[in-house]
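Take a look at the letters that make up each chain.
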Amino acid sequence: LGHAYCCKHHGLHVPVMGIAFLVFWPFLYTDTGESWKLTSRKKRLQIVISGMAAEAILAVFSTLAWTILPPGVLRHTAFFLATPSWIMTFLVNVSPFMRWDGYYLLSDLTGLKNLQPRSMELAKWRLRELIFGFGDPPPEEVALSTQRFMILYAVVVWLYRLVIFFGIPLMVYHFFIKVLGILLFLVEIVWFIAKPLWSEIAAWYLRWPQIVRSRRARWSAIGAFALIALCWLPLPAPIRTAGM
């Protein structure tokens, strides 16, 4: 409702409101896709912050009610309202690494539209240059500080998603249905991890003649084989300590 009222205040249409599910956990959802029509960054920020503020206010008042209510159903209800609100707001919704409110907030604060896809392209370009040294120009010309920020952001997004896409199936496996956890694990590993990796490897394959002639590529290959060898090399490291 916070998102929706702010959208209507700025003359936008709200096509969808409802409940979405994140690993069987329901949370309220509002489609604010029409906010791109607003040229004012301040108004777009208001739309993003309004929903987060409404959730935070609900959490504050629910926490207050939980502290003053006597033991019983009402106190349990207040605790249930407060806890998911805090968790969703500060651990999930605020995160700028998935395309939720925190992402659009960061995008508007930095003034970088389409932050995630642009950052991904820059990070892939930098990765290819580090491994193969193609000497290609960057996909877009931005200030050096902005380029570094975008590449760092993309790397953190990759690591964050890796943890999320491994963690969610493990949670489903341990706390819900084991077969569903295994299927979810296979789907997420194939679709969200293996598919992007395969796409990048296919891009490398198209430039195989350049890779073969690249001196940096040879050094990268030697480094990769050395790391793989270290994984198999037995390293005796006894640790002696007292036990009780």
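Residues numbered from 1 in each chain as written. Predicted model: local features only at pLDDT ≥ 70, side-chain atom pairs only at ≥ 80, totals over all residues. Heavy atoms only, no water.

1. With respect to the overall build of the protein
The helix and strand tally for the protein stands at nine helices and two strands. Each helix (α) and strand (β) of the protein, taken in turn from the N terminus, gives the series α-β-β-α-α-α-α-α-α-α-α. For the protein, whose C-alpha radius of gyration is 24 Å, the value lies well above the compact-globule estimate of 18 Å for 244 residues. Looking at the 244 residues of the protein, the share that counts as buried comes to 28%. Excluding contacts between residues fewer than 6 apart, the proportion of contacts in the protein whose partners are at least 24 apart in sequence is 56%. (Helix = DSSP H or I, 4+ residues; strand = E, 2+ residues; numbered from the N terminus. Rg over C-alpha atoms; globule rule 2.2 N^0.38 Å. Buried < 20%, exposed > 50% of the residue type's maximum accessible area, 1.4 Å probe, protein only. Contact = heavy atoms within 4.5 Å.)

2. As for the layout of surface pockets
Its volume calculated, the largest pocket comes out at about 1,600 Å³. In this structure, the largest pocket is lined by 49 residues; those nearest its centre are His-3, Leu-28, Thr-30, Asn-93 and Asp-101. Breaking the lining of the largest pocket down by element, the ones donating at least two residues are α1 (2–9), β1 (17–22), β2 (25–30), α2 (41–68), α3 (73–93) and α4 (101–110). Examining the composition of the lining of the largest pocket, we find that nine residues originate from one element, α2, more than from any other. When its residues are assigned to classes, the lining of the largest pocket shows 28 nonpolar, 13 polar and eight charged. Here the second largest pocket is characterised by a volume of approximately 700 Å³. Together, 20 residues line the second largest pocket, and Trp-158, Phe-192, Ile-193, Pro-196 and Leu-197 are the ones closest to its centre. Mapped onto the lining of the second largest pocket, the elements with two or more residues apiece are α5 (115–132), α6 (144–175) and α7 (178–206). Broken down by element, the lining of the second largest pocket gets its largest block of residues, 11 residues, from α7. (1 Å grid on protein atoms, 1.4 Å probe; cavity = no way out; pocket = protein on both sides within 12 Å on 5 of 7 lines; lining within 4 Å. Points joined across faces, edges and corners; volume = space filled by probe spheres on them. Nonpolar A, V, L, I, M, F, W, Y, C, P; charged D, E, K, R; others polar.)

3. Focus on a nonpolar patch on the surface
The grouping of Met-171, Phe-175, Phe-176, Ile-177, Val-179, Leu-180, Ile-182, Leu-183 and Leu-186 at the surface amounts to a nonpolar patch, some 890 Å² of accessible area in total. Elements that contribute at least two residues to the nonpolar patch include exactly α6 and α7. By residue number, the principal contributor to the nonpolar patch is α7, which donates five residues. Secondary-structure assignment places Leu-186 in helix α7. (Patch = residues over 30% accessible without salt bridge, like charges linked within 9 Å, V, L, I, M, F, W, Y side chains within 5 Å. Areas by Shrake-Rupley, 256 points an atom, 1.4 Å probe, with all protein chains shown as cover. Salt bridge = Lys/Arg side-chain N within 4 Å of Asp/Glu carboxyl O.)

4. Some thoughts on the environment of Ala-143
Inspection of the secondary structure assignment puts Ala-143 in the loop between α5 and α6. A relative accessible area of 45% means that Ala-143 is categorised as partly exposed.

5. As for the packing of α4 against α5
Here α4 crosses α5 at 75°, and the two axes come no closer than 10 Å. Our classification of the angle between α4 and α5 gives roughly perpendicular. Only Leu-115, Gln-116 and Pro-117 of α5 make contact with α4, whose side of the interface consists of Tyr-103, Leu-106 and Ser-107. Split into classes, the residues belonging to the contact of α4 with α5 amount to four nonpolar, two polar and no charged. (Axes fitted to C-alpha atoms, helices over the stretch in contact; angles between N-to-C directions. Parallel < 35°, antiparallel > 145°, perpendicular 65-115°, else oblique.)

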